[in-house]
Amino acid sequence: MAPSQMSYAPTLGKLLKSLNSQPLEASIESLIYLLKRRQVKGDDIANATAHMLLQVVAKSKWQSVDQLLAKVSNTGLRLAQAAPTELVIGNVVRRVMGLIRDEATEERNADEMGDSVSDLSQLPATPTMSSRPGPTPIRAGTGLPMSKSMFNLLCVTETVSSPATGTSTPMSQGASANMHALRSEVIDGIEEIMDEISQADDQIAGFADIQIHPGDYVLAYLPSPTVERFLIKAAAKRRFTVFLASGERQKPGEAPHAALRKKLNGLGVNTISLASNGLMAYMPRVNKVVIGAKAVYANGGVSTESGCSIAARAAREYSKPVIVLSGVYKFTPADPSDDVAEFEQGDSSEFVEYADGEAVNALEVENIVAEYLPAQYVDVYLTNLGPQTRDHLATIMADHYKSEDMGLSLHLP
Amino acid sequence: MATEATGAPAEAPAPQEKGKQQAKPAAAKDTPTTGGDAAGEQKLTPAQLKARAKAEKAARRAKAKEVKEAPPAAAAADAKGGKGSKGGKQEGGQSGSQQRATHVPMAKRIQTSQAHKDVHPAVLAVGQQMATFALKDSIARLEATLLAFKKVIESYETPKGNSLSRHFVPHVLNPQIEYLTECRPMSFSMGNAIRFLKSQVNKFDIDTPEDEAKESLLEFIDIFINERITLAEVVISKNAAELIDEDGVVLTYGRHRLVEKTILRAKSNGKNFAVSIIDDPYDQGGKELAKTLQQAGIPVFYSPNLGGLRVHLERASNVLLGTEAIFANGSLLAPAGTADVAMAASAANVKVVALCETINFDRERVSVDSLTYNEIDPERCSAESFRLMFDTTHSKYITGVITEFESGTDFAPAQAILTLLRKREDPTIA
């Protein structure tokens, strides 16, 4: 089985291609397996989640908005449990749920004014989702949801937990036609979210030449695709030097990130790999540190690749700015439950070989692959909506998530 | 710089010189090593040294043969390098790293045949071991250097019309030191010890008989090794072991001899505790330490890099750090990454204790950033990539330093270094 698995090994690409031909449940299951094996990583996760939710909306059977919401959150929950540290899954689910609520309200407002008895009517009437992937328009009453949120939350959990009843949504004659329209609206909306996700890196990179100045020494710790694009974009306009660092061991003579280095060098930007564990030694020469986020919490803390907090701490020690790159879709409207818990252990076999029998038995190897970077070490959050500070994260989150969905918990035991 | 001038012409006759040297060292070698064994108290080290020296010698002979046929280009390159050879390699390959740290020196393998003709074979061997990092930490290098110098002294004969006190240092000792420095920049401990040794030579009256002077120098070195290395290690590990809490978790970075000794001693004192080892993926000494400790029955958590450091610190009760040297301002010179660990630890309110022999203290040099005094790892220095071997840890992150001195309190703030040193020189100071 093992050898054949190699050639038939499921990948995200294959999965996404086969989405239309496969039954929904099979697609969900295979994505769950990919997530569990950590074969989908980084920014692909958001994309994959959006694809999957699109399938849920398009393929599954639902008669009412509540059923749809339940199905979406249920699928989201399963995906999130497969990769509990990937907070983007929850974000995309929240976005899609928010989208469904918006569309539903709109339909209802258009068709049967004031007829609705569902909790949705409590939402302020919202204009259509902007067709631009950019900032969503600020809703009237942005300041208010906080006071309502408790009540809304309770309502939502209730309806979600009893999705089959369908009593909260009136089923009029035109309902099925409505649902059909709703389905296509929601699908359009999800496609917009997918566009936003795929364009976020480019939009972030658009701010590169503002942040990076000629002659800068920029430290990129474990550059993510977002960071890579950012640096390359900057390199087109600026002459600077990039330090590349990672906590992984490089063999002598071998330098990682070869593709990135080649591109940067081709644009005339110097790259230097710091083959080092600690970064304090180099920090005096560094002008700024660029870190790619896996997710940003409501309190400004960032979930990052392991080791980023070393870079950020050292930068803080020498008062160098730390720029966190993160698409808005990575903003998570939750606080880290416990700082220490926010890390993920990885494969230990890279570090202690099985040939080394003694060590295998003896050592408690802890290879931490993701960790939490407290907000105090971050100076700027550079998003696809531009640079943000910690103080405005809450506003952005309020713009992007419905208050009903903010409290959505995907991390049930 | 004088060597550069003399060095260049000396390169040409070197291969022939080799022939002569090969005969001489063989004889010179046997006598001192047996002497070392008789001294006995160095346990394994002289024996190990002998084995190493033998291996080196074989390699050297092979090399010497090669070099005879080797093109003179290599010799020329090396000659040009000479003392300023730090630049040699960097000018060649490093376009990128060059601008980063040209001033930072790097250990360099010098073909033994390229060495100055006056370099003693024992010193040659030590130099090779330093360049290849077989002798790595400052104390191992110091000890090997001193033992090699003993052999230099033993084989020294004052030329006619000269006195040992006038001739030995400039004509015999200095070429050895220059060679060693070329192989790898001297550690602070070596600098300190050589200063002591030179001042000892200068104390001799011009009329002191050669044998008496040699005897006295050999004895001085023995006592020095005994006091500043062997005993220091015992005292430090004893004092530091008391700091380990029962049922605590000791966190350490990489592998350092003193830390290892301390932990093992605490264990043999009957304490129960766990050790959390943060390793440097480029060095991986921590893995060896982990195995050793495991065999001693100590529970070990091993983390291969600095990732998730905060999590590890969360459960640590104190941090023990091994150091390479301590500057006059109390900053630590220690393996790269130590500063990050110390900073994170003090941010997490965990006690950070540095262990250091007083011979590693430097009272003249002050370092504020890590590029002031550092070395580049010669194995990882290319156009694209480089690695600094050390970093500087500010004293504000250090709760205290344990030295073999100050046995009253056992625990001195890092800034008290100068006072400690003064007291060391003159014990009458209160």
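- Looking at an unreviewed UniProt entry, one finds chain B named Translation initiation factor eIF2B subunit delta, with Sordaria macrospora as its source organism.
- Per its UniProt entry, chain B bears the Subcellular location (unreviewed entry) comment "Cytoplasm, Cytosol".
- In UniProt, chain B has this text filed under Sequence similarities (unreviewed entry): "Belongs to the eIF-2B alpha/beta/delta subunits family."

- An unreviewed UniProt entry annotates chain A as Translation initiation factor eIF2B subunit beta originating from Sordaria macrospora.
- UniProt lists a comment for chain A under the heading Sequence similarities (unreviewed entry), and it reads "Belongs to the eIF-2B alpha/beta/delta subunits family."
- As recorded by UniProt, the Subcellular location (unreviewed entry) comment attached to chain A reads in full: "Cytoplasm, Cytosol".

Some thoughts on the nonpolar core
A general feature of soluble globular proteins is that nonpolar side chains tend to end up buried together.
And then number 1: Grouped together as the largest cluster of nonpolar side chains are 72 residues, with contacts concentrated most on Leu219, Leu274, Leu279 and Val289 of chain A together with Val319 of chain B.
And then number 2: Discounting residues that sit within four places of it in the chain, Leu279 of chain A has contacts with Leu219, Tyr221, Ala245, Leu274, Ile310, Ala311 and Ala314 of chain A together with Asp340 of chain B.

Examining the pattern of salt bridges
And then number 1: Applying the stated criterion to the full structure yields 24 salt bridges over all chains.
And then number 2: The closest approach of N and O atoms between Asp202 of chain A and Arg229 of chain A, which form a salt bridge, is 3.3 Å. Residue Asp202 of chain A is found in helix H8 (residues 175-205), and its partner Arg229 of chain A is found in helix H10 (residues 225-237); the two are separated by 27 residues along the sequence.
And then number 3: The partly exposed category is assigned to Arg229 of chain A, whose relative accessible area is 35%.
And then number 4: Note that Lys117 of chain B and Asp118 of chain B form a salt bridge whose closest N and O atoms lie 3.5 Å from each other.
And then number 5: With relative accessibility at 46%, the residue Lys117 of chain B sits in the partly exposed group.
And then number 6: Each of Asp137, Glu233, Arg257, Lys261 and Glu357 of chain B takes part in one network of salt bridges that share partners.

Things to note about the packing of helix H8 (residues 138-154) of chain B against helix H10 (residues 188-203) of chain B
Residues and elements named next belong to chain B.
And then number 1: Running from amino to carboxyl end, H8 crosses H10 at an angle of 30°, the nearest separation of the two axes being 9 Å. Viewed along their axes, H8 and H10 adopt a mutual orientation that is roughly parallel. Two packed elements cross with a definite hand, and for H8 against H10 that hand is right-handed. For the pair H8 and H10, the contacting residues are Ser138, Arg141, Leu142, Thr145, Leu146 and Phe149 in the first and Ser189, Met190, Ala193, Ile194 and Leu197 in the second.
And then number 2: Partitioning the contact of H8 with H10 into residue classes produces 7 nonpolar, 3 polar and 1 charged.

Some thoughts on the packing of H10 of chain B against helix H11 (residues 210-241) of chain B
All names here are of chain B.
And then number 1: Contact geometry for H10 and H11: axes closest at 11 Å, N-to-C directions at 150°. By the angle between their directions, the pair H10 and H11 is classed as roughly antiparallel. Between H10 and H11 lies a crossing whose hand is right-handed. Contacts between H10 and H11 pair Ala193, Phe196, Leu197, Gln200 and Val201 from the former with Leu217, Phe220, Ile221, Phe224 and Arg228 from the latter.
And then number 2: The residue inventory of the contact of H10 with H11, partitioned by class, reads 8 nonpolar, 1 polar and 1 charged.

A short note on the pairing of strand E6 (residues 332-335) of chain B
All names here are of chain B.
And then number 1: Relative to E6, strand E5 (residues 325-326) runs antiparallel, the two being bridged by 2 bridges. Of the residues in E6, the one forming a bridge with Ala325 is Leu333.
And then number 2: Linking E5 to E6, which pair antiparallel, is a turn of 5 residues; within it Gly330 sits at a positive phi near 90°.
And then number 3: Examined bridge by bridge, E6 and strand E10 (residues 390-393) share 4 bridges and lie antiparallel to one another. Among the inter-strand pairings, Leu332 is bridged to a residue of E10, identified as Thr393.

Observations regarding the sheet that holds strand E9 (residues 344-345) of chain A
Residue and element names in this part refer to chain A.
And then number 1: If you trace the 5 strands from one edge of the open sheet to the other, you get E8-E5-E6-E11-E9, paired in mixed fashion. Looking along the sheet, the strands with just one partner apiece sit at the ends: strand E8 (331-332) and E9.
And then number 2: Two elements, strand E5 (residues 295-297) and E8, share 2 bridges in a ladder whose sense is parallel. In the sheet register, Tyr297 faces E8, and the bridge partner there is Thr332.

Quick notes on the layout of surface pockets
Residue and element names in this part refer to chain A.
And then number 1: In this structure, the second largest pocket spans a volume of roughly 1000 Å³.
And then number 2: For the second largest pocket, the lining is made up of 42 residues, of which Lys41, Gly42, Lys294, Glu305 and Val369 are closest to its centre.
And then number 3: Among the elements of the structure, helix H4 (43-59), H8, H10 and strand E11 (368-373) are those that each provide at least two residues to the lining of the second largest pocket.
And then number 4: With 5 residues, H4 is the single largest residue contributor to the lining of the second largest pocket.
And then number 5: Here the residues of the lining of the second largest pocket sort into 15 nonpolar, 12 polar and 15 charged.
And then number 6: Residue assignment places the lining of the second largest pocket across two domains, with domain 1 (7-199) and domain 2 (206-401) each supplying three or more.

Here we look at the interface of chain B and chain A
And then number 1: If you look at the interface, chain B gives 54 residues, while chain A gives 50 residues.
And then number 2: In this assembly, chain B packs against chain A so that about 4500 Å² is buried in total across both faces, 53% of it on carbon and sulfur atoms.
And then number 3: Here chain B is connected to chain A by 1 salt bridge.
And then number 4: Salt-bridge contacts for Lys396 of chain B lead to Glu317 of chain A; the nearest nitrogen and oxygen are separated by 3.5 Å.
And then number 5: Connecting chain B to chain A are 6 residue pairs in polar contact (both at pLDDT 80 or more).
And then number 6: Listing elements by their share of the side of chain B that touches chain A, those giving two or more residues are helix H6 (98-101), helix H13 (285-295), strand E3 (300-303), helix H14 (309-315), helix H15 (338-347), strand E8 (376-381), strand E9 (385-388) and E10 of chain B.
And then number 7: For the side of chain B that touches chain A, the leading source of residues is H14 of chain B, giving 6 residues.
And then number 8: For the side of chain B that touches chain A, the residue count by class is 22 nonpolar, 15 polar and 17 charged.
And then number 9: In the sheet, strand E10 (residues 364-365) of chain A pairs with E3 of chain B via 2 bridges, with the strands oriented parallel. Paired with Glu364 of chain A across the two strands is Phe301 of chain B, which belongs to E3 of chain B.

About the thresholds
Residues numbered from 1 in each chain as written. Chains lettered and ligands numbered in written order. Predicted model: local features only at pLDDT ≥ 70, side-chain atom pairs only at ≥ 80, totals over all residues. Heavy atoms only, no water. UniProt positions renumbered as here; feature names shortened; annotations may be inferred. Core = buried A, V, L, I, M, F, W, Y, C linked by side-chain atoms within 4.5 Å. Buried < 20%, exposed > 50% of the residue type's maximum accessible area, 1.4 Å probe, protein only. Contact = heavy atoms within 4.5 Å. Salt bridge = Lys/Arg side-chain N within 4 Å of Asp/Glu carboxyl O. Helix = DSSP H or I, 4+ residues; strand = E, 2+ residues; numbered from the N terminus. Axes fitted to C-alpha atoms, helices over the stretch in contact; angles between N-to-C directions. Parallel < 35°, antiparallel > 145°, perpendicular 65-115°, else oblique. Left-handed = near helix turned anticlockwise from the far one by under 90°. Nonpolar A, V, L, I, M, F, W, Y, C, P; charged D, E, K, R; others polar. Pairing = 2+ DSSP bridges. 1 Å grid on protein atoms, 1.4 Å probe; cavity = no way out; pocket = protein on both sides within 12 Å on 5 of 7 lines; lining within 4 Å. Points joined across faces, edges and corners; volume = space filled by probe spheres on them. Domains from an automatic or database assignment. Buried area = accessible area lost by both parts, 1.4 Å probe. Polar contact = N/O pair within 3.5 Å; in protein donor to acceptor, adjacent residues only side chain to side chain.

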